[in-house]
Amino acid sequence: MKKKQKPRSQSRAEKQIISFLDEFKSEIATFFEINSEDSFELDQLHTHFDADDKKLKQIFNGLLDELLEEGRVQRTETGLYATHKNAFELIGKVEHVHKNYAFVLIEGQEDVRIDTDDLRGAVDGDTVRITLFSDYRAGRRREGRVEEIISRGKTEFVGILSRWPNYGILSPDSRRFYEEIFIPEKALQNAQDNDKVLVRITQWPSRTKRMEGEVIEVLGQAGTHNAEMHAILAEFGLPYKFPDDVQAESEAMSEVIPPAEIARRRDMRQVLTFTIDPADAKDFDDALSVQLLDNGNYEIGVHIADVTHYVRPGTALEREAYARATSVYLVDRTVPMLPEKLSNNLCSLRPNEDKLTFAAVFEMTPNAKIVNEWFGRTVIHSDRRFTYEEAQEILEAEGVNERPSEGEKQNGLSPLWGGGGFFLPLLNSLAHQLRAERFAKGAINFETVEVKFRLDEEGKPLGLYTKVRKDAHKLIEEFMLLANKRVPEFIHRLSKDKSKPNTMVYRIHEEPNLEKLRIFAAFAGRLGYKMKVENEKNAAKSLNQLMADLEGKPEQNALEQLAIRTMAKARYSTDEVGHFGLAFRRYSHFTSPIRRYPDMMAHRLLQHYLDGKPSPDVAEYEPACKQSSEREQLASNAERASIKYKQVEFMASMEPNRVWEGIITGVTEFGIFVEITETASEGLVRMNDLNDDYYELDKENYRLVGQRTKKFYTFGDAVKVKVKETNLARRSMDLVLADVKSNRNIATTRNEQNRKRNVTQSEKRKAGRRKR
């Protein structure tokens, strides 16, 4: 029996041949880039490149064919060879990730690296037209330069002002903005030294001009709680004040519900109804009603605040709701989509008050099967407001029946159990069955970590904790998901033309890119977790198994977040593509119109179809879907920024030499990111602080490897760290490994090597451009 041979490694000669081919191909591409206005016959090209013998001509022709396939060279109608008109020009968005370089993100293509000197005044977030350099090799990242700034991503920036006698200098807060902004004296607006200010750019930088701006708002002294929270809102372009006409409109609204309005609705004020919300909530936009039916089934009502009764098209309130699209939740405050009179009063389903609602009412069997459903406008009267903690206490109490007796129902208004308390175990049982059915159909069980803070009167963090989701939270979630699923399904069934379904605003989540999932699976495999991702259904099952395997492990949060980033982002659209993460064929957002504009659109569309009207044009709703998705992303970024600020502020108040346990959550060319387990705070251990060896990035294995000791730091490794430095303005934290001993000689050598490498690469590039 023959022995199985090991794969033969490439010889030195083979590597030299491959290097020669790369060099030759690059020369051909450069020739076409330089002579982009000319066309050439094949014989002319052979002559120019001295391809005289048959062997060299074959090599040349093969490389030319590769350039044709890559779209970098084209054949003209007359058979000549020329530069493809779009071969080296691309349009994308700048991500200025490092002071020395940026990446331009091209949709559907690999990112392009741009040296800061080649940005030509472009800053993070700008949309630009770039030219690729033609001398990149196979396996190397593409590089290029900016040719034109098509549009500016932002024109206003937040930062700390340094005030001088005749001018000011703004140091922007953004970690991706590396240039200071000069502010003339006349444009300072009485701002003082160390103020947090919002500045509008009046002159963008060029080779001969510096960046200049004007102060448009003073937010307060840097470091004060209110100033920093307002700065975060301003940084992401989120308003915290309502225009006067919006406030006036809301204040003018009557709190009295006319009898004629009640008569138009299904009156459910006599049906037991209650809310379950966080202890500090004020905007109660959903309630549950429940009653037992004579046939042994249950009638469960999901009642949602009827915001669109109050906010009508063409009003100032409608304009503002569309512009904001969502409420924003910072660590200490809510910035509502609607003014307080609406969000916390008229529309809020407060206990012991009659309220107008839009409802989905289901008749359900004890095994959670829906046998009947009804959708429409209702009027309710909430009997009780539960906090999640109160509801959970009832669910965890011993001896509570899932189906209350007649006596228990009659005596159901005691302080703890009243207003639906006895029905909570029943609803919890139904919710468990609905949840099990979702997961059986392929829903993914992502449980993200939510960080909460205990703040003093001045907003300083006294402590932080991670929110734990228990059955009370999941109970409400399941019935909201049920309504969000059944509403679009009902609208779809009403379609008169099945080939052209009724227009609806969906919350969509596209199926994942299998190639990205395979890369993630390979990564998880290196950490000891097996995944199968042959197809979408198999991928969902495998992801759920991974979530179960990660439960309670130190690397749980890091890997879960990485898995989420591998997925497509959920967004709003009129396209009916389903929701992969929830395993729903159709899904909308219907249950939170106080804080989400898409829910208002869903309410209006549902009433439109209930009135028997034809399907409206998709074009009326798709721009609003895009606007809502974009505003949601901004709000999410602001929320994360406020959490990051408070995390850094909290860590800055800790004992400086305290040792923290953490997990490596990222490995880069410039260091390792570590998440401190106790506080869920992330910081950077810079390469310069790994002083016991000279480390290099092993990208394939997600680790840094020491050249001398062969010691390595890998994603998911447990480490111990100390806080080296905190920067509140940048919301960043530098860490050092607690068990690494400094070796000054190695640190000095590494710094010198990095400096020489950067200079050499830059000089090579500039020399190449001068030569061309």
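Calculation rules
Residues numbered from 1 in each chain as written. Predicted model: local features only at pLDDT ≥ 70, side-chain atom pairs only at ≥ 80, totals over all residues. Heavy atoms only, no water. Helix = DSSP H or I, 4+ residues; strand = E, 2+ residues; numbered from the N terminus. Pairing = 2+ DSSP bridges. Contact = heavy atoms within 4.5 Å. Axes fitted to C-alpha atoms, helices over the stretch in contact; angles between N-to-C directions. Salt bridge = Lys/Arg side-chain N within 4 Å of Asp/Glu carboxyl O. Buried < 20%, exposed > 50% of the residue type's maximum accessible area, 1.4 Å probe, protein only. Phe/Tyr/Trp six-rings, centres within 6.5 Å; stacked < 30°, edge-to-face > 60°. Lys NZ or Arg CZ within 6 Å of the ring centre and 35° of its normal. Parallel < 35°, antiparallel > 145°, perpendicular 65-115°, else oblique. Nonpolar A, V, L, I, M, F, W, Y, C, P; charged D, E, K, R; others polar. Polar contact = N/O pair within 3.5 Å; in protein donor to acceptor, adjacent residues only side chain to side chain. Expected span 1.5 Å × (residues − 1). Arc of directions from axis to C-beta.

1. Concerning the environment of N544
Phase 1 of the analysis: Looking at the secondary structure, you find N544 in helix α15 (residues 536-550).
Phase 2 of the analysis: Between the C-alpha atom of N544 and that of A443, which follows or precedes it by 101 residues, the distance is 8.2 Å.

2. What to know about the sheet that holds strand β2 (residues 73-75)
Phase 1 of the analysis: Strand order in the open sheet formed by three strands is β1-β3-β2, and the pairing between neighbours is antiparallel. Each of the sheet's edge strands pairs with one partner strand only, and the pair in question is β1 (39-40) and β2.
Phase 2 of the analysis: Across two bridges, β1 lies against strand β3 (residues 81-83) in antiparallel orientation. By the bridge assignment for β3, F40 is matched with Y81.
Phase 3 of the analysis: Here helix α3 (residues 54-69) sits on the sheet and contacts β2 and β3; the angle it forms with β2, its principal contact strand, is near 95°.

3. Focus: the pattern of salt bridges
Phase 1 of the analysis: One pass over the structure, following the stated rule, counts 52 salt bridges.
Phase 2 of the analysis: Between E373 and R486 there is a salt bridge, and its shortest N-O distance comes to 2.9 Å. Residue E373 is located in strand β21 (residues 370-381), and its partner R486 is located in helix α13 (residues 471-493); the two are separated by 113 residues in the primary sequence. Assigned by exposure class, E373 and R486 land together as buried.
Phase 3 of the analysis: Note that E489 is salt-bridged to R486, the shortest N-O span being 3.9 Å.

4. Describing the packing of aromatic side chains
Phase 1 of the analysis: This model, assessed by the stated rule, comprises 19 aromatic pairs.
Phase 2 of the analysis: Judged by centre distance (5.9 Å) and plane angle (70°), the rings of F358 and F590 are edge-to-face. Of this pair, F358 sits in strand β20 (residues 354-364) while F590 sits in the loop between β26 (571-573) and α17 (597-610), and the two are 232 residues apart along the sequence.
Phase 3 of the analysis: In this structure F358 comes out as buried when scored by relative accessible area, which is 0%.
Phase 4 of the analysis: Residue class for F590 comes out buried when judged on its relative accessible area of 0%.
Phase 5 of the analysis: When the ring of F362 is compared with that of F375, the centres are 6.3 Å apart and the planes differ by 85°; the resulting orientation is edge-to-face. One end of the pair, F362, is in strand β20; the other, F375, is in strand β21, with 13 residues separating them in the sequence. A single burial state applies to F362 and to F375, both of which are buried.
Phase 6 of the analysis: Joined through ring pairs, the aromatic side chains of F24, F31, F40, F49 and F60 make up one cluster.
Phase 7 of the analysis: In this arrangement the basic side chain of R324 is found over the ring face of F242, its NZ or CZ atom lying 3.7 Å from the centre.

5. Let's talk about the pairing of strand β12 (residues 195-203)
Phase 1 of the analysis: Both strand β9 (residues 156-164) and β12 contribute to a ladder of five bridges, which runs antiparallel. Bridge assignment links V158 to a residue of β12, and that residue is L198.
Phase 2 of the analysis: As paired elements, β12 and strand β13 (residues 212-221) share eight bridges and run antiparallel to each other. The residue of β13 that forms the bridge with K196 is G220.

6. Points about the packing of helix α10 (residues 388-396) against α13
Phase 1 of the analysis: Between α10 and α13, whose axes approach to 8 Å, the crossing angle comes to 105°. Taken together, α10 and α13 sit at an angle that is classed as roughly perpendicular. Contacts from Y388, A391, Q392 and L395 in α10 reach D471, A472, H473 and I476 in α13.
Phase 2 of the analysis: When its residues are assigned to classes, the contact of α10 with α13 shows five nonpolar, two polar and one charged.

7. Some thoughts on the side chain of T308
Phase 1 of the analysis: Mapped onto the elements of the fold, T308 is located in helix α7 (residues 307-310).
Phase 2 of the analysis: In terms of polar contacts, T308 uses its side chain to reach the side chain of R377, at 3.2 Å.
Phase 3 of the analysis: Sequence-distant contacts of T308, defined by excluding residues within four places in its chain, comprise R377, M600, H603 and R604.

8. Quick word on α3
Residues spaced three or four apart along an α-helix point in a common direction, a consequence of the helix completing one turn every 3.6 residues.
Phase 1 of the analysis: Here α3 is 16 residues long and its end C-alpha atoms lie 23 Å apart, about the 22 Å a rise of 1.5 Å per residue gives.
Phase 2 of the analysis: Within the sequence span of α3, burial applies to L56, F60, L63, L64 and L67. Viewed along the axis of α3, the buried residues span an arc of 105°, placing them on a single side of the element. Among the exposed residues of α3, those pointing more than 90 degrees away from its buried face are K54, K55 and E69.
Phase 3 of the analysis: N-capping of α3 is provided by D53, with a side-chain oxygen placed 3.1 Å from the backbone N of K55.

9. Observations regarding unusual backbone geometry
Outside of glycine, negative phi angles account for most residues, and trans bonds account for most peptide bonds.
Phase 1 of the analysis: The phi dihedral of N352 is positive, around 65°, even though this residue is not glycine.
Phase 2 of the analysis: Mapped onto the secondary structure, N352 falls in the loop between α9 (340-346) and β20.
Phase 3 of the analysis: One non-glycine residue with positive phi stands out, namely R731, at about 55°.
Phase 4 of the analysis: With respect to the helices, strands and loops of the structure, R731 is situated in the loop between β33 (718-727) and β34 (732-737).

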